[in-house]
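Observations on the model geometry
The residues making up each chain are set out below.
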Amino acid sequence: MSELTELTIKEAARLLRLRSISAADLVTAHVDRIQQLDRRVKAFLRFTPELWDKQADQADKRIKDGDPGPLVGIPMAVKDVLCVRGVETTAGSQILRGFKPPYTGTAMSRLFEAGAVMLGVTNCDEFAMGSSTENSGYHPTHNPWDLDRVPGGSSGGSAAAVAAGEAMIALGTDTGGSIRQPAALCGVVGMKPTYGRVSRYGLIAFASSLDQIGPFARCVDDAAITLAAMAGHDPLDATSSDRVGRDVLNNYGEGVEGMRLGVPREYYDVQGIESGVKAAIDQAIKSLRDAGAEIVDVSLPHTDYGLAAYYIIAPAECSSNLARFDGVRYGMFTEDAENITEAYMRTRRKGFGTEVRRRVMLGTYALSSGYYDAYYLKAQKVRTLIKRDFDEAFQKCDAIVSATSPTVAFPIGSKTQDPLSMYLCDVLTLGGNLAGLPGISVPCGMSEGLPVGLQVLAPQWGENVALRVARTYEESSGVKAEVAPLD
Ligand code: GLN
């Protein structure tokens, strides 16, 4: 394996500045690695050679001109729900096959301005609905640690690309756990920012009150650098906050000495948690205590209702967001219909996969008159209770620690026939989305030869706190994300 595909951003930036390597070399090393491995991993859906040539060239010019930006020349992969002008973007769905966005979303354009080089588009569950990337309308992605297992989802392609050394950083989206859970299952770092921290302009919406864009990386520093570059107010997204993006780095380098870290008993003993996962989390908690944190018991009493509330709210929002995909303005259109209504129906039946159709139906039902109060309104009330649980817990602690996923990566095909068991993958992550909190997953060892992730949740706008805990853990435990041994 080329060592260039194992570098951190800081190491790469140093070599680039010293001119020991060029941005073009860095891209070539990653493209070679992709060519060598991606037939097996299948992290990518498409590649963007026109972009990487141009952007690497620009990066080399910037370096020559003495531009010290940390992201100049850094190879990046982008999830298939994020629009980049002229690059086919399909949300992992057949219904959008051939769609080329006429504009670039804010998060991506900020990273491009910071000098990142786009390698290609990564696979995901269709419209980001899923926990394994098996709902992709194209093909499943394989976990680089065990190719017979899933990489998690929905941003499984991005997580797998970073874990396989095919990209240094990647972008994902997290609506119920879709950055943190695949990061955990692939042994990399993944962060979901506070709702409103990163502009969603240019993100193909799944559930607009929950979706956030965030980074994947192989260390906490790299995730922090990437997040800082894309965060901050954007007039093009009315839900984006006017806080400055660099807030995410405040006091970030300091340790956890004197910090109170809460362990919610409902998360610690969550249904279905594997003993190997629990052992790794116990070890991680111990290491944070050794690093000076005070560990306190907290409670999130409405945890049991979170899953049900999420699986009403997210489908309700998706049924509305996905109404626009009728074949007229975007992507696929079925011509052989008698009238326009039949054309819509045929296009949507043919273009959407099973899980998307299931969610659109569930969501439409939950919003329909007569059922709205019983389902949607009730779910929103539960959402408020869950938010209050977190508010109360954060009176007693500065951040919350738990497993990210109750299990390690599972075999491909093992949950596809049972949607409920797939939904249960998100029990520990979706509370953070319902409450709009920042959360990070950082590798914390292995169970049965597969990676386990430690989740750190912080109060709203406390990315710096979550990053600080994760970074201290990474440093003091010595557990580092490694490129999966695929060769
Ligand atoms: N797995 C969850 C779902 O299927 C979360 C998806 C996500 O965060 N995009 O809805």
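Everything below is about the structure printed above this text.
Quick notes on the rules
Residues numbered from 1 in each chain as written. Predicted model: local features only at pLDDT ≥ 70, side-chain atom pairs only at ≥ 80, totals over all residues. Heavy atoms only, no water. Helix = DSSP H or I, 4+ residues; strand = E, 2+ residues; numbered from the N terminus. Rg over C-alpha atoms; globule rule 2.2 N^0.38 Å. Buried < 20%, exposed > 50% of the residue type's maximum accessible area, 1.4 Å probe, protein only. Contact = heavy atoms within 4.5 Å. Areas by Shrake-Rupley, 256 points an atom, 1.4 Å probe, with all protein chains shown as cover. Lys, Arg positive; Asp, Glu negative; His and termini not counted. Charge placed at Lys NZ, Arg CZ, Asp CG, Glu CD. Axes fitted to C-alpha atoms, helices over the stretch in contact; angles between N-to-C directions. Parallel < 35°, antiparallel > 145°, perpendicular 65-115°, else oblique. Left-handed = near helix turned anticlockwise from the far one by under 90°. Nonpolar A, V, L, I, M, F, W, Y, C, P; charged D, E, K, R; others polar. Near = heavy atom within 4 Å. Phe/Tyr/Trp six-rings, centres within 6.5 Å; stacked < 30°, edge-to-face > 60°. Polar contact = N/O pair within 3.5 Å; in protein donor to acceptor, adjacent residues only side chain to side chain. Patch = residues over 30% accessible without salt bridge, like charges linked within 9 Å, V, L, I, M, F, W, Y side chains within 5 Å. Salt bridge = Lys/Arg side-chain N within 4 Å of Asp/Glu carboxyl O.

With respect to the overall build of the chain
- Each helix and strand counted, the chain has 16 helices and eleven strands in total.
- On C-alpha atoms alone, the chain measures out to a radius of gyration of 21 Å, which is about the 23 Å that the 2.2 N^0.38 rule sets for 487 residues.
- Projected onto its principal axes, the C-alpha coordinates of the chain cover approximately 65 × 55 × 45 Å.
- Here the chain holds 487 residues, and the buried ones make up 61% of them.
- Considering only contacts in the chain between residues 6 or more positions apart, those separated by 24 or more positions represent 76%.
- Accessible surface, the chain: about 18,300 Å² in total, of which carbon and sulfur atoms supply 50%.
- Charged side chains in the chain number 50 positive and 59 negative. The centres of these two groups are separated by 3 Å.

Looking at the packing of helix α7 (residues 220–230) against helix α16 (residues 463–477)
- With their axes 9 Å apart at the nearest point, α7 and α16 run at an angle of 160° to one another. By the criterion of interaxial angle, the relationship of α7 to α16 is roughly antiparallel. Like other packed secondary-structure pairs, α7 and α16 cross with a definite hand, here left-handed. Facing α7, whose interface residues are V220, D221, A224 and L227, α16 presents E463, L467, A470, R471 and E474.
- Class assignment for the residues of the contact of α7 with α16 results in five nonpolar, no polar and four charged.

Describing the site of the ligand
- What surrounds the ligand is a group of 15 residues, the closest being T175, G176, S178, Y310 and R359.
- Protein burial of the ligand: of its 290 Å² of free accessible surface, 100% is covered by the chains.

Considering the packing of aromatic side chains
- Scanning all chains against the criterion turns up 13 aromatic pairs.
- Where F44 meets F47, the ring centres are 5.0 Å apart and the plane angle is 35°; that geometry is what we call tilted.
- The exposure class of F44 is buried, given its relative accessible area of 4%.
- Note on F47: relative accessible area 37%, which makes it partly exposed.
- An aromatic cluster is built from F99, F127, F325, Y330 and F352, whose rings are joined through pairwise contacts.

A word on the environment of K387
- Looking at the element boundaries, K387 is found in helix α13 (residues 373–396).
- The spatial distance from the C-alpha of K387 to the C-alpha of Q460 is 11 Å, given a sequence separation of 73 residues.

Quick notes on the packing of helix α10 (residues 303–321) against helix α12 (residues 354–367)
- Interaxial distance between α10 and α12 falls to 7 Å at its minimum, and their mutual angle equals 100°. Considering the angle they form, α10 stands roughly perpendicular to α12. Where α10 approaches α12, its residues Y311, I312, P315, A316, C318 and S319 are matched on the opposing element by R359, V360, L362, G363, T364, A366 and L367.
- The residue inventory of the contact of α10 with α12, partitioned by class, reads nine nonpolar, three polar and one charged.

Side note on the environment of D326
- Assignment of secondary structure puts D326 in the loop between α10 and α11 (340–351).
- Accessibility expressed as a relative area gives 16% for D326, which makes it buried.
- Beyond its immediate stretch of four places on either side in the chain, D326 contacts F333, Y344, T347 and R348.
- In this structure the side chain of D326 is engaged in a polar contact, spanning 3.0 Å, whose partner is the backbone nitrogen of V328.

Describing a nonpolar patch on the surface
- A cluster of nonpolar side chains, namely V328, F333, I340 and Y344, defines an oily patch on the protein surface of about 340 Å² accessible area.
- For I340, the position within the fold is in helix α11.

Thoughts on the pattern of salt bridges
- Throughout the structure, instances matching the rule amount to 19 salt bridges.
- For the salt bridge of R197 with E463, the shortest nitrogen-to-oxygen distance reads 2.9 Å. Linking R197 in the loop between β5 (189–192) and β6 (212–217) with E463 in helix α16, this pair joins segments that are 266 residues apart in sequence. Neither residue differs from the other here; R197 and E463 are each classed as buried.
- Here D290 and K286 are joined by a salt bridge, their closest N and O atoms 3.3 Å apart. One end of the pair, D290, and the other, K286, are both in helix α9 (residues 275–290), four residues apart, so they sit about a helical turn from each other.
- Using a relative accessible area of 42% as the deciding quantity, one classes K286 as partly exposed.
- Here the salt bridges do not stand alone but share partners, grouping K10, D221, R471 and E475 into one network.

What about unusual backbone geometry?
- In this model, G153 is joined to S154 through a cis peptide bond whose omega is 10°.
- Mapping S154 onto the fold places it in the loop between β3 (117–122) and α5 (156–163).
- Phi at A91 takes a positive value of approximately 55°, unusual for a residue other than glycine.
- Assignment of secondary structure puts A91 in the loop between β2 (75–79) and α4 (106–113).
- Residue class for A91 comes out buried when judged on its relative accessible area of 0%.
- With a phi close to 50°, F127 is a non-glycine residue in the positive phi region.
- Its location among the elements puts F127 in the loop between β3 and α5.
- Relative accessible area serves as the criterion here: at 2%, F127 is assigned to the buried category.

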